[in-house]
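# Working through the structure, step by step
Given next are the chains, with one letter for each unit.
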Amino acid sequence: MDLIYHEKQEASLCAQHCLNALLQGPYFSAVDLAVIAQQLDEYERETMAEGDLDSPEYLSFLQQPSGNMDDSGFFSVQVISKALRVWGLDLIPFSNSTVATARQHPEEEASFICNFKEHWLTIRKIGAQWFNLNSLLEGPELLSETYLGMYLTQLQGEGYSIFVIRGSLPACGAEEVLKYHPAVQSRRPRLLSDVREQSNQGTSSGGQFSQEDLQKALDQSRQMELSSAREDEDVQEAIRLSIQIAESAKSQTSLSGGHQVREESQINQEELRKKRQAFFDRQSEPSTDVQQNSENLSNIPQESSVNQEHLLDTGPSVEDIDATEDAMLAEAIKLSMQQP
């Protein structure tokens with residue numbers, strides 16, 4: 001189907017689209033057809049000028065706009081007919097007796113041109129198949145031979161003027177291809193007006209739909225951000241716990257067998273031993289009061305046992321001193337154990 005030449009409607013240039021679809025190529029432009037229309041206008045003016053130039057008919061003709069074209073791009077049947085004669089083709093009305101066989105067996109013809117209310121369209125056989133090349137369609141429409149006669153009858157009923165094209169059409173690339181590889185069409189082409197309407201509706205509804213999608217996307221994005229933040233917190237907590245576990249394991253390893261910890265433990269124990277030894281040394285020295293009492297006792301002449309016992313009672317006994325030393329030693333050991 002892509003090999004078939006088909007022009008889509010632009011402005012009111014359906015006559016140009018119709019001719020190019022018939023010839024299967026961009027053979028005519030709007031300028032070309034405008035030149036033909038001007039030539040026809042000049043010929044008609046000259047024909048009218050053969051009579052009385054001052055006649056009301058002639059003066060009225062000069063004031064009337066061209067009947068062969070207008071500003072919208074419409075061209076008359078006369079322009080179409082003269083453009084086809086350039087290619088040696090004749091435009092014959094469907095009702096003409098010379099083409100009576102076309103009414104009975106339209107599938108035996110090569111092409112038709114139809115006109116209704118200033119709109120032109122082409123129906124042409126390419127290869128062994130018929131196609132409706134209406135420029136108001138989004139693409140060529142495949143027509144069966146059976147449906148061809150029915151379609152022409154339908155167009156006549158709708159008010160279309162049908163013309164049979166007689167003559168040799170120029171060769172086209174799609175002709176040979178479709179002879180050996182017939183076209184297959186899964187669906188009928190739509191009217192351009194329907195395509196544009198659906199496109200506009202799709203754009204309008206698409207805008208609203210995309211707005212909803214945008215809101216959903218924003219909500220999903222926020223949820224993903226929150227989830228990501230929670231995951232980051234979980235990761236950070238896992239890292240923190242991992243570090244604590246690693247430090248704890250390291251600390252336990254050091255306490256259980258680390259060389260440095262053993263050295264520090266030995267140093268602390270040595271200091272503790274020294275402190276205990278110093279304390280014991282201080283405690284082993286007699287106090288000044290005891291020494292003085294001993295000296296006084298040695299200097300006193302021996303008297304009666306009663307007096308001596310009385311003098312001895314004036315100071316602490318040996319048992320009391322020993323008890324005091326034991327208490328002090330216990331307290332010192334307790335304090336030394338509490339020191340780091």
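Here the structure is a predicted model, which means the values were calculated and not measured.

### A short note on the sheet that holds strand β5 (residues 141-143)
- The sheet built from 6 strands is open, its strands ordered β1-β6-β2-β3-β4-β5 with antiparallel pairing. Edge positions in the open sheet fall to β1 (90-93) and β5, since each of these has one partner strand only. Ignoring which end each strand starts from, the neighbouring axes of this sheet average 30 degrees apart.
- Relative to strand β3 (residues 119-126), strand β2 (residues 111-116) runs antiparallel, the two sharing 6 bridges. By the bridge assignment, Ile 113 is partnered in β3 with Thr 122.
- Sitting on the sheet, helix α1 (residues 14-23) touches β2, β3 and β6 (161-166), and the angle it makes with β3 is about 5 degrees.

### Considerations on unusual backbone geometry
- Positive phi values are uncommon outside glycine, yet Gln 24 reaches one of about 60 degrees.
- Mapped onto the fold, Gln 24 is located in the loop between α1 and α2 (30-49).
- You can call Gln 24 buried: its relative accessible area is 10%.
- Its identity as a non-glycine residue notwithstanding, Lys 117 has a phi of 50 degrees, on the positive side.
- A relative accessible area of 68% places Lys 117 in the exposed class.

### Describing the packing of α2 against helix α4 (residues 77-85)
- Their axes nearest at 9 Å, the elements α2 and α4 cross at an angle of 110 degrees. Relative to α4, α2 is oriented roughly perpendicular. For the element pair α2 and α4, the recorded crossing hand is right-handed. Seen from α2, the contacting residues are Leu 33, Ile 36, Ala 37, Gln 39 and Leu 40; seen from α4, they are Gln 78, Val 79, Lys 82 and Ala 83.

### Some points on the UniProt feature "active site" (unreviewed entry) in the protein
- UniProt records the feature "active site" (unreviewed entry) at Cys 14, His 119 and Asn 134, using the numbering of this structure. A maximum C-alpha distance of 9.5 Å is found for the annotated residues, which run over 121 residues; spatially they form one tight group.
- The residues contacting His 119, other than those within four sequence positions of it, are Gln 9, Cys 14, Cys 114, Asn 134, Ser 135, Leu 136 and Tyr 160.
- Leave out the neighbours within four places in its chain, and Asn 134 touches His 6, His 119, Leu 121 and Thr 122.
- A polar side-chain atom of Asn 134 sits 3.0 Å from the main-chain amide nitrogen of Leu 136.

### Side note on the confidence of the model for the protein
- This prediction gives the protein a mean pLDDT of 77; 59% of its residues lie at or above 70.
- Predicted confidence for residues 253-265 stays below pLDDT 50, and this span has 4 contacts to residues more than four positions away or in other chains.
- For the stretch residues 296-315, pLDDT sits under 50, and the model shows 5 contacts to residues farther than four places along the chain or on other chains.

### Things to note about the nonpolar core
- Formed by 26 residues in total, the largest nonpolar core has its most connected members in Leu 33, Phe 75, Ile 80, Leu 84, Ile 113 and Trp 120.
- Secondary-structure elements contributing two or more residues to this core are α1, α2, α4 and β6.
- The biggest single contributor to this core is α1, with 6 residues.
- Apart from the residues lying within four places of it in its own chain, the contact partners of Trp 120 are Cys 14, Ala 15, Cys 18, Phe 74, Phe 75, Ser 76, Val 77, Ile 80, Ile 113, Cys 114, Asn 115 and Phe 163.

### Quick look at the pattern of salt bridges
- In total, this model carries 7 salt bridges according to the counting rule given.
- For Arg 124, the salt bridge goes to Glu 175, with nearest N and O atoms at 3.5 Å. Of this pair, Arg 124 sits in strand β3 while Glu 175 sits in helix α7 (residues 173-180), and the two are 51 residues apart along the sequence. Of the two residues, Arg 124 and Glu 175, neither departs from the other in class, the shared state being buried.
- Connected via shared salt-bridge partners are Glu 138, Arg 187 and Arg 190.

### Things to note about the pairing of strand β4 (residues 129-132)
- Neither face of β4 is left uncovered, since the one carrying Gln 129 and Phe 131 and the one carrying Trp 130 and Asn 132 both have all their residues buried.
- By the bridge criterion, 4 bridges tie β3 to β4 in an arrangement that is antiparallel. Looking at the pairing, Arg 124 lines up with Phe 131 of β4.
- Counted along the chain from β3 to the antiparallel partner β4, the turn is 2 residues long, and its residue Gly 127 has a positive phi close to 70 degrees.

Parameters and conventions
- Residues numbered from 1 in each chain as written.
- Predicted model: local features only at pLDDT ≥ 70, side-chain atom pairs only at ≥ 80, totals over all residues.
- Heavy atoms only, no water.
- Pairing = 2+ DSSP bridges.
- Helix = DSSP H or I, 4+ residues; strand = E, 2+ residues; numbered from the N terminus.
- Axes fitted to C-alpha atoms, helices over the stretch in contact; angles between N-to-C directions.
- Contact = heavy atoms within 4.5 Å.
- Buried < 20%, exposed > 50% of the residue type's maximum accessible area, 1.4 Å probe, protein only.
- Parallel < 35°, antiparallel > 145°, perpendicular 65-115°, else oblique.
- Left-handed = near helix turned anticlockwise from the far one by under 90°.
- UniProt positions renumbered as here; feature names shortened; annotations may be inferred.
- Polar contact = N/O pair within 3.5 Å; in protein donor to acceptor, adjacent residues only side chain to side chain.
- pLDDT = per-residue confidence, 0-100.
- Core = buried A, V, L, I, M, F, W, Y, C linked by side-chain atoms within 4.5 Å.
- Salt bridge = Lys/Arg side-chain N within 4 Å of Asp/Glu carboxyl O.

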